[in-house]
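# Tertiary structure, described
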Amino acid sequence: VDYLHPEIGVSTTDATVMGRNYFDRPSAPEQESLEESEARAQVLADSAALKKLAVDYLHPEIGVSTTDATVMGRNYFDRPSAPEQESLEESEARAQVLADSAALKKL
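Residues numbered from 1 in each chain as written. Predicted model: local features only at pLDDT ≥ 70, side-chain atom pairs only at ≥ 80, totals over all residues. Heavy atoms only, no water.

## As for the overall build of the protein
Broken down by element type, the protein carries two helices and zero strands. In terms of overall size, the protein is more extended than a compact globule, its C-alpha atoms giving a radius of gyration of 39 Å where 107 residues would be expected to give roughly 13 Å. Along the longest, intermediate and shortest principal axes, the C-alpha atoms of the protein span 130 × 40 × 20 Å. Counting across all 107 residues of the protein, residues that qualify as buried make up 0%. As displayed, the protein offers around 11,100 Å² of accessible surface, 60% of which is attributable to carbon and sulfur atoms. Across the protein, the mean location of the 10 positive side-chain charges is 15 Å away from that of the 20 negative side-chain charges. (Helix = DSSP H or I, 4+ residues; strand = E, 2+ residues; numbered from the N terminus. Rg over C-alpha atoms; globule rule 2.2 N^0.38 Å. Buried < 20%, exposed > 50% of the residue type's maximum accessible area, 1.4 Å probe, protein only. Areas by Shrake-Rupley, 256 points an atom, 1.4 Å probe, with all protein chains shown as cover. Lys, Arg positive; Asp, Glu negative; His and termini not counted. Charge placed at Lys NZ, Arg CZ, Asp CG, Glu CD.)

## Let's talk about a negative patch on the surface
A contiguous patch of negative charge on the surface is contributed by E84, E89, E90 and E92. One can find E84 in the loop between α1 (34–58) and α2 (88–106). Look at E84 and you get exposed, because its relative accessible area is 79%. (Patch = residues over 30% accessible without salt bridge, like charges linked within 9 Å, V, L, I, M, F, W, Y side chains within 5 Å. Salt bridge = Lys/Arg side-chain N within 4 Å of Asp/Glu carboxyl O.)

## Some thoughts on the environment of A39
For A39, the position within the fold is in helix α1. A sequence separation of ten residues divides A39 from A49, and the C-alpha atoms of the two residues are 15 Å apart.

## Thoughts on the pattern of salt bridges
If charged atoms from side chains of opposite charge come close, those side chains can pair. Here the structure, examined in full by the defined rule, presents three salt bridges. Two residues, D56 and K52, come together in a salt bridge whose shortest N-O distance is 3.0 Å. In this pair, D56 and K52 are both assigned in helix α1, four residues apart and thus about one turn of the helix distant. With relative accessibility at 52%, the residue K52 sits in the exposed group.

## Comments concerning the environment of L107
Secondary-structure assignment places L107 in the segment after α2. Residues L107 and E84 lie 23 residues apart in sequence; the distance between their C-alpha atoms is 33 Å.

Function cannot be read off these values alone, since they describe shape.
Here's what the structure looks like:
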């Protein structure tokens, strides 16, 4: 009948009897398997990488830094030597102005 009520403590009259619960004691360090520790380390590494990418995306004013001497890049949009792109309307207007000036020269 005692095993039906585990909430009732065990009582004994022998002073040399003792027992210790090694599974539920609060002082026991938590045990985790090798797979769990590797998975936890992988999740932490992924979250750190995602945080770095989020910071890089949200703060474009922070420059890109690298330690590799062979890495290079070129911005083809903001470089001063890039010729200005003109739209179709602008090129047609320019062609019309040149044609008009050529017609005026002939007069």
